[in-house]
Structure formats: structure tokens, C-alpha cells
Amino acid sequence: RWARRVVRKVVTTADAFVARVDPGEWTDFTVGRFTEAVGQIYAAGVPGWPTPFHMEEFGSKRSVVKLAGLPFSLDDTRLYARDYKGDGKSGAELGEKEFEAGLADSLVRDGRRVIKRSGGAMGSGVWLLKLPLQCWNESTKGVNVDATTSVVAVEAFRGRTLHTTFGAFVRMCRAEYLRDPGEFVIDMKFLPRISEGEVRIIFTGDTPRKVVHRVPVEGSFSAALDSGAQHRAYWPSHPRFRTAVNTVVESLPVIRAALGVPEWPLLWSADFIYDGGPAARSKAPERLVLGELNSNCIGFAAHPEFGEILAEEIVHRVVEHARRRAAEAVAAGADDAMK
């Protein structure tokens, strides 16, 4: 009922809307329901951002798989989907049935992996899964992993730690993250240099506005403020991050084509982590790899200057929308007159 009231209010009174939801703050309101409500407003002819399409392509962690092959992408990221329709024999997207065996293979290879649910925020549903050191190290690669293998799972959200078995962890993921249609989990490489911080580049449209260096507290791999991380903002031209920003900007046409978006989200971010071990720090430029994109719940309370920037962009987009609608109406009238 609450969602229906909001939809009715926006459709009957607004020229445009800006939507934002933090799924970590809602226990009885799913991202799917929110997307559905936004879609109803958009379908009624009221322009808004992010669009349902933006929320799916930029708000979903599937984007890291779609952007494979770019200079800042990892090459061994896998997605396991509940409603996958392929044959499960190849590619970065696989089905739920392949999840247990695929994750076991990657855990044998690396000893630790990061598992991410399709939705969530503030590190909820993001797990560091690792084999105990006595079971895996650089000199004992190739150990067997099965349902009875002991594992340690640490959630980025407030560091919740589970000492469990591999089979129990897989069952938990299936029960909590592969339960509903459209849900999936991502299995990706763990980058130990997360301890040095995550680099978030914030955009409005196709313009980089800020770089936020988000450094976890010691012993954590979460860059969220709620987990105690320290955030420091820089301009995109800052020498430390300029190369990374330029690499992303140069790749924007490829990103847009790969995700199939007709226009950029009003506000979105790309999160990166430094790649390589200690020796990589001496190389210039250092390689950053993409962790995820987001357009659904970008926080900017710490950057009040974004308010004016967003207001200007919203006015521009609303005016352009009105012009297109007027041109379409003129064209339709001309067609009717000719008939």
C-alpha cells in the first residue's frame, strides 16, 4: 500500500523524480519491489533517475561480468544465477547447479575468494571465504575441497565470522541469495590490497566529479563507513588517481555499449581495488581493478556540493525530455494530418 501511495503521488504531482534506496535500511522492502515501483512511475511518462534499466545494469553486480576484458577487469570472475538458461559448459555466467563445483575449483586454486550476492549494501552479503592456513598455502596448492572441508567465512558487514564447512556455506548462499527469480551470486578473486583502500570514482552522467579513497580498519576488508572505514575525498585530477580516472573515462563508450544503456545514470560510481602484491606498489602506474558499479544508493551527504551539480543536471534532463515529448507530439500531429 505504501508503494502504491508513493507511485500515485509522484505520477499526479511531479514533473520528474530522483530515486534512491539503501537496501540495508529496509527489512521488509526488497530491491525488486522498489524497482517495480520506479518502473510504474517511469511507464506513466514521468522521467526519473535512475531508470529501472539503470538500476538493473549499474545497480546489479552483474556488470563486473559484462565488462570482462576491459583494462581494469578481472579475468576469472564467475556469476551463478538461479534462473540461468544456458548449458553451463562455458562462459562467465553459469547456473546454480554449477555453483558448488565452480566455487570449490576456484577455492582450491586461490585459497580464498570473495562471494557477493546480487543485491545488498554496506557489505551485507559480501563474504571472504577462505581455507584455513593449515589446509592451504602457496606450497600446498591443489588440496581437495568438498562438502566436509572446513572453511572460514567473514562477512564485510561488521565482520561477522563463521567457522563452518564448505557444504554448509554453499547451502546458506542458496537459501539466502539464490532463493528468488533473478538472484545470483558472484565468485571473484580476493585482492589483499583492499587493506590499502578502495578507490571510488563518482560520476554525474559521463563526468567524473570526485574520487573517494575508502580505507578499511585494520583487519577488515569492508570499505563501508558503518564498518569503521575512513573516507577521504579528492578531485579527479589528483596525481595519485588521475591515471585511473583517465582509464575509466577512456573506456566509457565501451562500458555504455557493453551495458546497453541509452544514457548515463544521473549519479553513479565505480569502485576499484589495487591489484598485485607488495612488489606492485613500486610500479607506475599501479593497476586498479573493478569491484562493482552502483547507481542505486550513492551516498553524497559528505559532499554537499553535489546538490547543486545534481540540480543542474536534473533541470537539463527534464528540459530535454520535455523537448523530445513536444517534438514527438508535433510529429504525431503531422502524421495524423497527412492521414
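Residues numbered from 1 in each chain as written. Predicted model: local features only at pLDDT ≥ 70, side-chain atom pairs only at ≥ 80, totals over all residues. Heavy atoms only, no water.

J.: So what's going on with the sheet that holds strand β3 (residues 78-81)? Residues and values would help.
T.: Sheet architecture is open: seven strands sit in the order β4-β3-β9-β5-β6-β7-β8, paired in mixed fashion. With one partner strand each, in any of the chains shown, β4 (93-95) and β8 (161-165) form the two edges of the open sheet. Recorded for the sheet is a direction-independent mean angle of 25 degrees between the axes of neighbouring strands. Bridging between β3 and strand β9 (residues 184-189) involves four bridges; their strand directions are antiparallel. (Pairing = 2+ DSSP bridges. Helix = DSSP H or I, 4+ residues; strand = E, 2+ residues; numbered from the N terminus. Axes fitted to C-alpha atoms, helices over the stretch in contact; angles between N-to-C directions.)

J.: A description of the nonpolar core should follow, citing residues and the corresponding values.
T.: Across soluble globular proteins, nonpolar side chains have a tendency to be buried as a group. Grouped together as the largest cluster of nonpolar side chains are 45 residues, with contacts concentrated most on Phe221, Val248, Ile255, Trp268, Phe272, Leu290 and Leu293. The greatest single-element share of this core, amounting to six residues, is contributed by helix α7 (residues 242-259). Setting aside its immediate chain neighbours within four residues, Leu293 contacts Phe58, Ser63, Leu67, Leu259, Trp268, Ser269 and Ala270. In this structure, Phe99, Trp127, Cys173 and Tyr177 belong to the second largest nonpolar core, which totals 22 residues. (Core = buried A, V, L, I, M, F, W, Y, C linked by side-chain atoms within 4.5 Å. Buried < 20%, exposed > 50% of the residue type's maximum accessible area, 1.4 Å probe, protein only. Contact = heavy atoms within 4.5 Å.)

J.: With reference to specific residues and values, describe α7.
T.: An ideal rise of 1.5 Å per residue puts 26 Å on 18 residues; α7 measures up with 24 Å between its terminal C-alpha atoms. Listing the buried residues of α7 in full gives Ala244, Val245, Val248, Ser251, Leu252, Ile255 and Leu259. Contacts made by the buried residues of α7 are with α3 (52-57), α4 (63-66), β10 (198-204), β11 (207-215), β13 (268-274) and β14 (288-294). In the segment just after α7, Gly260 is the residue with positive phi, at about 70 degrees. (Expected span 1.5 Å × (residues − 1).)

J.: Got a sec to walk through the pairing of β8? Specific residues and values, please.
T.: Across a regular strand the side chains alternate sides, sitting on one face of the sheet and then on the other. Both strand β7 (residues 150-155) and β8 contribute to a ladder of five bridges, which runs antiparallel. Across the sheet, the residue bridging to Val152 is His163, located in β8. Linking β7 back to β8 in an antiparallel pair, the connection comprises five residues, with Arg158 at a positive phi of about 65 degrees.

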